[in-house]
Amino acid sequence: MSIYLSKNEQARFLGRHILSIADFTPEDIHIVFKLAGYFEDYVKNRIQMDLMKGLILATLFFEPSTRTRLSFETGMLRLGGSVINATGTSSSLEKGESFQDMGKVVSRFADVMVLRHPLESSIHQFAEGSSVPVINAGNGSNEHPTQALLDLYSIWHGRVQTKNLKIGFVGDLKFGRAAHSITKLLGLYKTHFYFISHPTLRMPPEITKQVKAQGCKVTETENLADTIKDLDVLYVTRVQKERFTDLSTYEAVKSCYRIDPQMMKKANLSLSLLHPLPRLDEIAVEVDKDPRARYFEQVTNGVAIRMALLALVSGRLAEPAGEKTIGF
Ligand code: NCD
């Protein structure tokens, strides 16, 4: 079976940079999720397609990554495309090259590019220089839009409820870019947020203000044990050691929260326990066998979501003349 998008749907994404989750409308999300649903079978059955044959993805990672980088690369290979990459000291950024120039240069090699860098402004400068679509895989503590899409996809996957979701975020809400992006995305859907953190690691006030302005409810607390029973979803995050300037401050807050089987007893039977991973001590390993633990499912969903994004921005889903649109 082949899959094509209508001209209108295709036009929404063709050549588009994916820099912030704020650029996504509910209609965009619908298209991405439908397409990811289609690709899921290819991911689960480990089948290669030829949709992106002849196209090259460049992955440029200047911070550690396992899931994000490998899921983009796996996704591109499953779509039939090829992958090139640059990391840390192997690139001319080390020699002082600007992000704009790097964007100009690498877009002469690749058809789509994915960048992760600790500087917030890096992604915008890189995209300015680029003549091909650029996808943000994490810019400092600011945003991680593709993680937000796979998180929402995982929340909705196989579940009926979508309205008035009660979601708790626990851990490092100050520096956690994954938590920032999924919060902004859920701002579109009248969510009730419970931000659970140490007072020094609270959700940035501008994000809290934004979701309130969108009509969402926000409850801020330090108490996980009393809050967990009210939640449909609990999104756990790692305290982001690499963002602290002073290690003693990190040591003081790194172990404030831990989800263990005792804590899970207080939670709803239908809770979804999510985590973008990597996990340190914030979720006990014994919790992995609890059917409510869905963080490894998120990893698989990440491949299908990234395949959808790669296919959408590269224009390989345009309906060829004379062919019938299937599925969309
Ligand atoms: C997250 C990240 O890099 O922001 N990881 C990921 O991409 N899955 C979360 C983290 O590192 O804690």
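For the structure itself, look to the data block above.
Residues numbered from 1 in each chain as written. Predicted model: local features only at pLDDT ≥ 70, side-chain atom pairs only at ≥ 80, totals over all residues. Heavy atoms only, no water.

S.K.: I'd like a description of the overall build of the protein, backed by residues and values.
M.R.: In terms of regular secondary structure, the protein is built from 12 helices and nine strands. The C-alpha atoms of the protein give 20 Å as radius of gyration, which agrees with the globular expectation for 328 residues (20 Å, within 12%). Taking the principal axes of the C-alpha coordinates as reference, the protein spans close to 60 × 50 × 40 Å. When each of the 328 residues of the protein is scored for burial, the buried share is 55%. The long-range fraction of contacts in the protein, counting pairs at least 24 apart against all pairs at least 6 apart in sequence, stands at 74%. For the protein, the exposed surface amounts to about 14,600 Å²; the carbon and sulfur share of it is 52%. (Helix = DSSP H or I, 4+ residues; strand = E, 2+ residues; numbered from the N terminus. Rg over C-alpha atoms; globule rule 2.2 N^0.38 Å. Buried < 20%, exposed > 50% of the residue type's maximum accessible area, 1.4 Å probe, protein only. Contact = heavy atoms within 4.5 Å. Areas by Shrake-Rupley, 256 points an atom, 1.4 Å probe, with all protein chains shown as cover.)

S.K.: Outline the site of the ligand, listing residues and values.
M.R.: Every residue close to the ligand is listed here: R67, T68, R116, H144, Q147, R177, R238, Q240, P276, L277 and P278. Protein chains bury 93% of the 310 Å² of accessible surface belonging to the ligand in isolation. Tallied by class, residues from the shell around the ligand come to three nonpolar, four polar and four charged. The residue makeup of the shell around the ligand includes at least three contributed by each of domain 1 (7-143 + 299-314) and domain 2 (145-298). (Near = heavy atom within 4 Å. Nonpolar A, V, L, I, M, F, W, Y, C, P; charged D, E, K, R; others polar. Domains from an automatic or database assignment.)

S.K.: Break down the sheet that holds strand β1 (residues 56-61) for me, citing the residues and quoting the values.
M.R.: Strand order across the open sheet formed by four strands is β2-β1-β3-β4, with parallel pairing between neighbours. In this open sheet, the two strands that pair with only one neighbour each are β2 (82-87) and β4 (134-139). The mean inter-strand angle of the sheet, taken between neighbouring strand axes irrespective of direction, is 15°. Pairing of β1 with β2 involves six bridges; the strand directions are parallel. Directly across from F61, in β2, lies its bridge partner T87. Each of β1, β3 (112-117) and β4 is contacted by helix α5 (residues 122-129), which is oriented at about 165° to β4, the strand it contacts most. (Pairing = 2+ DSSP bridges. Axes fitted to C-alpha atoms, helices over the stretch in contact; angles between N-to-C directions.)

S.K.: Quick rundown of the environment of T89? Include the residues and the values.
M.R.: Within the element layout of this structure, T89 appears in the loop between β2 and α4 (99-106). Take T89: its relative accessible area is 69%, and that puts it in the exposed class. In this structure the C-alpha to C-alpha distance between T89 and F62, which are 27 residues apart in sequence, comes to 8.6 Å.

S.K.: Can you tell me about the pairing of strand β7 (residues 217-221), naming the residues and giving the values?
M.R.: Two elements, strand β6 (residues 192-196) and β7, share five bridges in a ladder whose sense is parallel. In the sheet register, Y194 faces β7, and the bridge partner there is T219. Since β6 and β7 lie parallel, the crossover through helix α8 (residues 205-213) that links them has a hand, and here it is right-handed. (Right-handed = clockwise from strand over helix to strand, strands pointing away.)

S.K.: Outline the environment of A284, listing residues and values.
M.R.: Within the fold, A284 resides in the loop between β9 (272-274) and α12 (295-314). Its relative accessible area of 1% is what places A284 among the buried residues. As for A284 and Y194, which are separated by 90 residues in sequence, their C-alpha atoms are 22 Å apart. In this view, A284 contacts R258, I259, D260, P261 and R279; residues no more than four positions away in its chain are not counted.

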